[in-house]
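# Examining the three-dimensional arrangement
Single-letter residue listing:
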Amino acid sequence: MLSGATPSDFAEVHVQLLTKSKIFCSCSPRFGDPPNSNTCPVCLGLPGALPVLNRDAVTMAMKAAQALNCAINPRSRFARKNYFYPDLPKGYQISQYDEPLAKSGWVDIKVEGTHKRIGITRVHLEEDAGKSLHEGFPDSEEKSYIDLNRSGVPLIEIVSEPDLRSPAEAYDYLTRVKTIMQYLEVSNCNMEEGSLRCDANVSVRRQGTTTFGTKTEVKNLNSFKFLQKALAYEIDRQIKLIESGGEVLQETRLWDSREQRTYGMRTKEFAHDYRYFPEPDLLPLVVSEKWKEEVRLSMLELPDARKQRLVGEYALADHDASELTSSKFLASYFEDAAKASGEPKLAANWILSELLYLLKESNKGITDSPVTAGNLADLVRLVASGTISGKMGKDILAEMFSTGKRAGEVMAEKGLAQISDPEKIATVVREVIAANPNQVEQYRKGKTATFGWFVGQVMKATRGQANPQLVQELLKKELG
Ligand code: ZN
Ligand code: MN
């Protein structure tokens, strides 16, 4: 990136709400059903069909908005956003425009150790459009299909203030929004299924200037990794363009992950191009104080609160609690293992160092860990009681991970248990001493550095099973 320029991004995040039915009809919003099977006159946009607002969608949106520290507007309104798209049969999307459900919130992010507050402009409710599928393009005759199962699926759109200054900040912001939604259980935020989608608006300006440059909107960001790459590319492209005397066009650009670049799709519509007008088929949405309070009280524990609780309840280090609460599933896994083992700190260590490493190596998430929290707790207990050493624990865990077996089974199969019988260890210690007279002599002449070598020999002779502390004690006694 060239110096003298400040990038500035804001994000529009669409989150699909986990309701049982669509936002304005009773069709299922389920992903993956046969095309056009979850449709009715309302979500097909047939003339005369009337929308009815889904109360659950509003409740979930209110949870999301309150968790993002937004103020809920006592009265909001739906509007028609008019545009033509083959997968938008009504010719307009029902959304919220000048009177959104909620506004003026914030999310705290942390990048490279620095905390920063990102403003949330608004959170509003809207319906999703259908999906077009293109086949054969560009190699043969192109065919296009329309699937309207997604049409009318409830979404919230979360719009941030232009506070994001780097791809890393955008990444952390999105991660936090996703985590909050998952903690609240209002969305599964599955990017592959499109239940979390992000468009980023990027502009650059000379350092010191206050007015923002012309922005482009980058779409097609279906993973957090792509988001970071696309932003870095787009920031660089705009700077180079301006520095070579060119001008940034306000347009929508798509990220091409194969070519690792963005390319222009269409010049961006301005809001007035959509000819927004109040939706005449829906009454204004009125949220009473009582409803708002009910929703607030029914909200599940949020990441920050859970982190504080883990620090207090299990005496975890701040940093460990942060990492464990980075995902709701990980936090629950930890709490299950901590309770079952009675060794919270040790359980946290084993999860954060060993288990997460194994998961990462095999490209798995905590939800598909082959080692259950209960099985991890067994292992932690064995280590805590000194039945097995830490080193053996690692080997056993690796075996548990690849086979799904319990710690006890693995130990029985491999004949693994820590040798804590002083008599047995002493026998090995004497054997090692007898077999290495030269080293013994050196040690006795004052070369005490050979002590570690002796420990290693005894551990080797016991295949790592001897209790290391006992080995040290007995060696000192026998050598001295
Ligand atoms: Zn329907
Ligand atoms: Mn939208």
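About the criteria used
Residues numbered from 1 in each chain as written. Chains lettered and ligands numbered in written order. Predicted model: local features only at pLDDT ≥ 70, side-chain atom pairs only at ≥ 80, totals over all residues. Heavy atoms only, no water. pLDDT = per-residue confidence, 0-100. Helix = DSSP H or I, 4+ residues; strand = E, 2+ residues; numbered from the N terminus. Donors = N, O, S within 2.8 Å, 3.2 Å for Na, K, Ca; no water. Tetrahedral: all angles 85-135°; square planar, octahedral: opposite > 155°, others 65-115°. Buried < 20%, exposed > 50% of the residue type's maximum accessible area, 1.4 Å probe, protein only. Axes fitted to C-alpha atoms, helices over the stretch in contact; angles between N-to-C directions. Parallel < 35°, antiparallel > 145°, perpendicular 65-115°, else oblique. Contact = heavy atoms within 4.5 Å. Nonpolar A, V, L, I, M, F, W, Y, C, P; charged D, E, K, R; others polar. Expected span 1.5 Å × (residues − 1). Arc of directions from axis to C-beta.

## Quick notes on the confidence of the model for the protein
Of the residues in the protein, 96% reach a pLDDT of 70 or more, and the chain-wide mean stands at 90. Strand 14 (residues 261–267) is the least confidently modelled element of the protein, averaging 80 in pLDDT, while helix 2 (residues 55–67) averages 98, the highest of any element.

## Quick word on the coordination of the zinc ion (ligand 1)
Within the protein, the zinc ion (ligand 1) binds to Cys25 (SG), Cys27 (SG), Cys40 (SG) and Cys43 (SG); these donor distances fall in the range 2.3 to 2.4 Å. One can describe the site at the zinc ion (ligand 1) as tetrahedral: its four donor atoms subtend angles covering 100 to 115° at the metal. Each donor residue of the zinc ion (ligand 1) lies on one chain, and together they are spaced C-x1-C-x12-C-x2-C. With a gap of 16 residues between them, cysteine 27 in the loop between strand 1 (5–16) and helix 1 (41–44) and cysteine 43 in helix 1 connect regions that are remote in the sequence. Neither cysteine 27 nor cysteine 43 differs from the other in exposure class; each is buried.

## Digging into the packing of helix 11 (residues 390–403) against helix 12 (residues 407–414)
Two elements in contact, helix 11 and helix 12, have axes whose closest approach is 9 Å; the angle formed by their N-to-C orientations is 110°. As far as their axial angle goes, helix 12 and helix 11 are roughly perpendicular. Between helix 11 and helix 12, the contacting residues are Ile396, Glu399 and Met400 on the first element and Ala407, Val410, Met411 and Lys414 on the second. A breakdown of the residues in the contact of helix 11 with helix 12 according to their chemical character gives five nonpolar, no polar and two charged.

## Regarding helix 16 (residues 468–479)
Compared with an ideal rise of 1.5 Å per residue, which puts twelve residues at 16 Å, helix 16 spans 16 Å between its outermost C-alpha atoms and is within 8% of the ideal. Every buried residue belonging to helix 16 is among Leu470, Val471, Leu474, Leu475 and Leu479, and all of these are buried. Relative to the axis of helix 16, the buried residues are bounded by an arc of 145° and lie together on one face. Of the residues in helix 16, the exposed ones pointing more than 90 degrees away from the buried face are Gln469 and Lys477. Lining the buried residues of helix 16 we find helix 13 (422–435), helix 14 (437–444) and helix 15 (451–461).

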